[in-house]
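Listed below, chain by chain, are the residues.
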Amino acid sequence: MISPYVRRLRLADEVRTLRTKAGLTQAQVAAKSGLSRVVLSQLENGHGVDQADIIAILDALGVDGPYWTKVMTIAREAAERGWWESNKAMGERQALFANLEAGAATIREFQMIFIPGLLQTPEFTAARIQADGLADRPGYKAGKAVEARQIRQRMLRRPDGPGYEVIIDEIAVRRRCVPADIMRRQLHHLTAVVHDNPNITVRVLPLEAEIPGYRVPRSAFGIYTFPDPEDPTVVTVDTVTDDLVLTQPAQVERYRQLYDLLREAAMPPADSLAFLREAAEEPTG
C-alpha cells in the first residue's frame, strides 16, 4: 500500500526540482506546457494531481526514458484514492492520519494527554468524541469516526504493516479523561494488544523522569517514515484545532532528536507493560 498524500509531496518535489534544474520560472514552464501558473503552483505545493498535466510538464521540460516512467508512477500513486475518501464523516484530521498510516514503514508517536488512537477501544474513542463535543459538528458522525479508527488499527495487524512505537506520558494514564470503568478496560486492552503484536512497542514516560537537557515536549507528535527512501519523512504535531504537518529536514530532525530523548527517559517496554497492568487494577474513588 502507499500513502497518496506522501506521494503528492514527493511529486511536488520532483516537479519543482525539474523546473529549477531547467532554470525556468513557474510562469515559463506554464507557458511551455500550456498549463496555467495556478495549476503548476498547486502541483509544486502538493495539491491536486492530474496525470495529463504531469505529462505536459515532462514533455515541456524534455523528460523521457526511465525518469519519465518514474515520475509518472509517482503521479499515478499520488492520484489514488484510499478507503478514507469514502468516509468523509470520520473528519479531516483522522483522514489525514489514515492516509499517512496507509503507506508508512515506521510510525513513532509521543502522546502526552490521551491513549493513542491506534490503540484505543471503541468505547474510549466514543467517550472522547462526546467529551470534545465533536458529535455536534456539521457532517461529522460519531459512529463513522469510531468505525474508521477501528479500520485504521487493522493496518498494524497486516503482515507488511508498519513498525509502531509509542511513548505515552504517565499523565495520559493517570488523568481522568473518560469514566473510570472505560479507562480500566482501555488499559487492559492496551496491554493485551501490545503483548500479542511484536510490531507494537509501548513505553511509558514517568512523571518523575528527567529528560536529558530538560527538553520537555510541548505537544503530542508523530514521525512517519516510508519504504521509498526518497519519500519525505513526515512529522505531525497535534494542536487544539488542527494538525501541523512538517517535512522540511531541519524541522523533522528536531522532532527526531526530541523523540530519542523521550525514549531515553521512558521506561523499558517490559516495565511499561507492568506499569500499565498495575494501573488497570488500581482502585478508583
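Refer to the preceding data block for the structure.
Here the structure is a predicted model, which is why all the values come from computation and not from measurement.

1. Focus on helix α8 (residues 142–154)
No. 1: Between its terminal C-alpha atoms α8 stretches 19 Å, which fits the 18 Å expected from 13 residues at 1.5 Å a residue.
No. 2: Within the sequence span of α8, burial applies to Ala-145, Val-146, Ala-148, Arg-149, Arg-152 and Gln-153. On an axial view of α8, the arc spanned by its buried residues comes to 160 degrees, and they lie on one face.
No. 3: In this structure, the buried side of α8 is in contact with α6 (92–103) and α7 (122–132).

2. Some details on the nonpolar core
No. 1: Formed by 39 residues in total, the largest nonpolar core has its most connected members in Leu-187, Leu-190, Val-202 and Leu-276.
No. 2: Secondary structure elements with two or more residues in this core: α1 (4–21), α6, α7, β2 (163–169), α9 (170–174), α10 (180–196), β3 (200–205) and α12 (269–281).
No. 3: Counting residues in hydrophobic clusters, the runner-up holds 18 residues, among them Leu-11, Leu-18, Val-71 and Ile-74.

3. What about unusual backbone geometry?
If a residue is not glycine, its phi is most likely negative; likewise, a peptide bond is most likely trans.
No. 1: Phi is positive for Tyr-214, which is not a glycine, with a value near 55 degrees.
No. 2: Turning to its location among the elements, Tyr-214 is positioned in the loop between β3 and β4 (221–225).

Criteria and cut-off values
Residues numbered from 1 in each chain as written. Predicted model: local features only at pLDDT ≥ 70, side-chain atom pairs only at ≥ 80, totals over all residues. Heavy atoms only, no water. Helix = DSSP H or I, 4+ residues; strand = E, 2+ residues; numbered from the N terminus. Expected span 1.5 Å × (residues − 1). Buried < 20%, exposed > 50% of the residue type's maximum accessible area, 1.4 Å probe, protein only. Arc of directions from axis to C-beta. Contact = heavy atoms within 4.5 Å. Core = buried A, V, L, I, M, F, W, Y, C linked by side-chain atoms within 4.5 Å.

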